[in-house]
Amino acid sequence: MITTTDLTKVYRSRGREVTALDGVDLHVREGEVYGVVGQSGAGKSTLIRCVNLLERPTSGTVTVAGQDLTALAGRRQSAGSALRQARSRIGMVFQHFNLLSSRTVRDNVELPLEILGVSGKERTRKALELLELVGLGDKAKAYPAQLSGGQKQRVGIARALAGDPKVLLSDEATSALDPETTRSILQLLRDLNEQLGLTVLLITHEMDVVKTICDSAALMRDGRIVESGRVSELLATPGSELAQELFPVGGVPSGEDRTVVDVTFQGEAATKPVISQLSRTYNIDISILGAAMDTVGGHQVGRMRIELPGRFEENVVPIGFLREQGLQVDVAAIADGPRANPTPLLKEGAK
Amino acid sequence: MTWSEMEPLLEQACWDTLYMVGWSAVIAVVGGLPLGVLLVLTDRGGVLQNVVVNKVVGQIVNVARSMPFIILMVALISFTRVIVGTTIGPEAAIVPLAIGAIPFYARLVETSVREVDGGLVEAVQSMGGSTWTVVRKVLLPESLPALISSATTTIVALIGYSAMAGTVGAGGLGDLAVRYGYLRFETKLMWITVAILAVVISVIQFAGDIAARGLSHRGRSSVAPRLVLLRGGASRAGKPAAAPQPRTAPAEIESVEPTKVP
């Protein structure tokens, strides 16, 4: 549905060059919710704004719904009518809502319809229908200043849907909201994705967002996509950074002669009481150093860091048992224990 | 001088001033508005970024703005003669007044329009809006309260300029105050003129403020929500049984926004 190939964006200002995007290949399938995560400055915002060409890529192509948008772009800063028409079929939701304060909620939702040249009566009908859909049917006559953040974002979503888009772009839509409101907005996006078959591309710095609603995800760093794929597959990939970020497990071994193992639960295996089975079968004491479990799309997934007594050599059989159960097991070297913590700290400091 | 002698003079002068200021204000708004918007659009990072146009227009506006009005008036005398056929009287004064006020208002428009959040422009662009749509649906409506305040400031400034125009034969209150009040030692007449000007300026400023505030929907400082509250309170007190919209009951609102439920 959305494909970018070798997308590059270089900003030039006063002779200095900043590469915001460095050869990004993104592929979003129809009907899925795709999350792009990364720290501030990783190029997420530039990427999503290149998808509807609010930002003109320096090179590379963007294809949305089979249409090459980069080919529609004119030479000039202002967009040609073909590009404007293509944009009207891509909805966009913003972090700071970007509602017109001089218009009522209903008139805000009508704005894209005005641009599309829809007649007055039809506009009103559609706007009220959309407001009903996002649960704000009774706020049509209010002004944005009278709404809470979550309500404003609902208006933003209703507005983005006005042109019957196939694709919705979400630029940190929940980053300005509190956790509870974030959850309700994400639920709304998920519902819309399921009910309308909407393809959603969202960027966020909150891992929770990916965990809650994304089918696929990509991790961006320094203008490149470091890792991408379906969330379930990523979890099964040994050493996946995204999996580590989604389900961070920490924990230091309690002493020498211990084996620390990171176990990833997903799919069938997640429902079996493997840890207690392991303990009983081999008569060993297991300590849990850290764990992160969640239900993603109705399935239990998560990671757990456990400690087995004895060196690795002594634990080959129990580890083999875990693997047999269909779990993914990564042995964290003993020396890895204390080092596992400084790594995320370093990342924080690098901001 | 008795009141019966002063009255026709004052009346004529008042009308002359209002005539000059009124027309030049209309021309200033009509000319300054597009100019100010153009300055924002062509600026770096603007929708129609064009450094050359921006620099040229900006320079013209700067020069015209910094020109002392009395010199501008004299410099424009031949131009005025071409336009209105005379260089004396209120009609003739409108030309330099308008030309002096256009760049003045353009700069104020530029500042007001620049205040509009760039995210709104981006939002409309993402909907497929053209530059014209951006101007008409975002930049102008969103900055309307500020544009009205700016127009008020321009009108008040024009009243000041018009007094100067009076000294070169345009008539009006300024002319009256100088010719009678100062040159003929009619102190009383001068003070009446001053009082009239004070009243006129206050009324214009007040009307401008009210209009600007009434159009602003930015929440706390706005009048609109307060009016809604008043209306809500009145209807509740008047006929509590027949509330106009039962759907706006508090319980309903809370169910819409789960964050508000403790």
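Owing to the predicted nature of the structure, the values given are computational and were not obtained by experimental measurement.

Draft legend 1. View of the overall build of chain B. Tallying secondary structure elements over chain B gives 11 helices and zero strands in all. Along chain B, helices (α) and strands (β) appear in the sequence α-α-α-α-α-α-α-α-α-α-α when read from the amino end. Taking as baseline every contact in chain B between residues at least 6 positions apart, the subset at least 24 positions apart corresponds to 67%.

Draft legend 2. Structural view of unusual backbone geometry. Residues and elements named next belong to chain A. Backbone geometry places R14, a non-glycine residue, at a positive phi of 50°. What makes R14 exposed here is the crowd of 4 C-beta atoms within 10 Å. Positive phi is not limited to glycine here, since E172 has a value of about 55°. Along the chain, the position of E172 falls in the loop between β7 (167–171) and α7 (179–196).

Draft legend 3. The arrangement of the sheet that holds strand β5 (residues 67–68) of chain A in detail. Residues and elements named next belong to chain A. Taken in spatial order, the four strands of this open sheet run β2-β1-β4-β5, and their pairing is antiparallel. At either end of the open sheet lies a strand with only one pairing partner, and these are β2 (16–28) and β5. Bridge count for strand β1 (residues 2–13) against β2 is 10 bridges, and the pairing is antiparallel. Opposite S13, over in β2, you have R16 as the bridge partner.

Draft legend 4. Main features of the domain arrangement of chain A. Residues and elements named next belong to chain A. Entries for chain A in the domain assignment read domain 1 (2–236) and domain 2 (247–349). Look at where the C-alpha atoms of domain 1 and domain 2 centre, and you get two points 38 Å apart. Contact with domain 1, which involves five residues of that partner, is made by six residues of domain 2. By residue number, the principal contributor to the side of domain 1 that touches domain 2 is helix α9 (residues 231–236), which donates four residues. Its residues assigned to classes, the side of domain 1 that touches domain 2 comprises three nonpolar, one polar and one charged.

Draft legend 5. Inspection of the UniProt feature "transmembrane region" (unreviewed entry) in chain B at higher detail. All names here are of chain B. If you check UniProt for "transmembrane region" (unreviewed entry), the listed places come out as residues 20–42, 63–82, 88–106, 146–169 and 189–212 in our numbering. As a span, residues 146–169 carries 100% helix and 0% strand, and end to end its C-alpha atoms are 34 Å apart. Secondary structure over residues 189–212 splits into 100% helix and 0% strand, and the C-alpha atoms at its two ends are 35 Å apart.

Draft legend 6. Quick look at the sheet that holds strand β10 (residues 224–230) of chain A. Residue and element names in this part refer to chain A. The sheet built from six strands is open, its strands ordered β6-β7-β8-β3-β9-β10 with mixed pairing. The open sheet terminates on both sides in strands that have one partner only, identified here as β6 (90–94) and β10. When strand polarity is set aside, the average angle formed by the axes of neighbouring strands in this sheet is 15°. Sheet strands touched by helix α6 (residues 149–161): β6 and β7. Its angle to β6, the strand with the most contacts, is close to 165°.

Draft legend 7. Seen up close, the nonpolar core. Among the nonpolar cores identified, the biggest contains 153 residues, and A:V51, A:L201, B:L97, B:A101, B:Y105 and B:L158 are the most heavily contacted of them. A total of 17 residues in this core trace back to one element, the largest contributor, which is helix α7 (residues 131–170) of chain B. If you count residues domain by domain, this core takes at least three from each of domain 1 (2–236) and domain 2 (247–349) of chain A.

About the criteria used
- Residues numbered from 1 in each chain as written.
- Chains lettered and ligands numbered in written order.
- Predicted model: local features only at pLDDT ≥ 70, side-chain atom pairs only at ≥ 80, totals over all residues.
- Helix = DSSP H or I, 4+ residues; strand = E, 2+ residues; numbered from the N terminus.
- Contact = placed C-beta atoms within 7 Å.
- Buried ≥ 20, exposed ≤ 12 C-beta atoms within 10 Å, placed from the backbone.
- Pairing = 2+ DSSP bridges.
- Domains from an automatic or database assignment.
- Nonpolar A, V, L, I, M, F, W, Y, C, P; charged D, E, K, R; others polar.
- UniProt positions renumbered as here; feature names shortened; annotations may be inferred.
- Axes fitted to C-alpha atoms, helices over the stretch in contact; angles between N-to-C directions.
- Core = buried A, V, L, I, M, F, W, Y, C linked by C-beta atoms within 7 Å.

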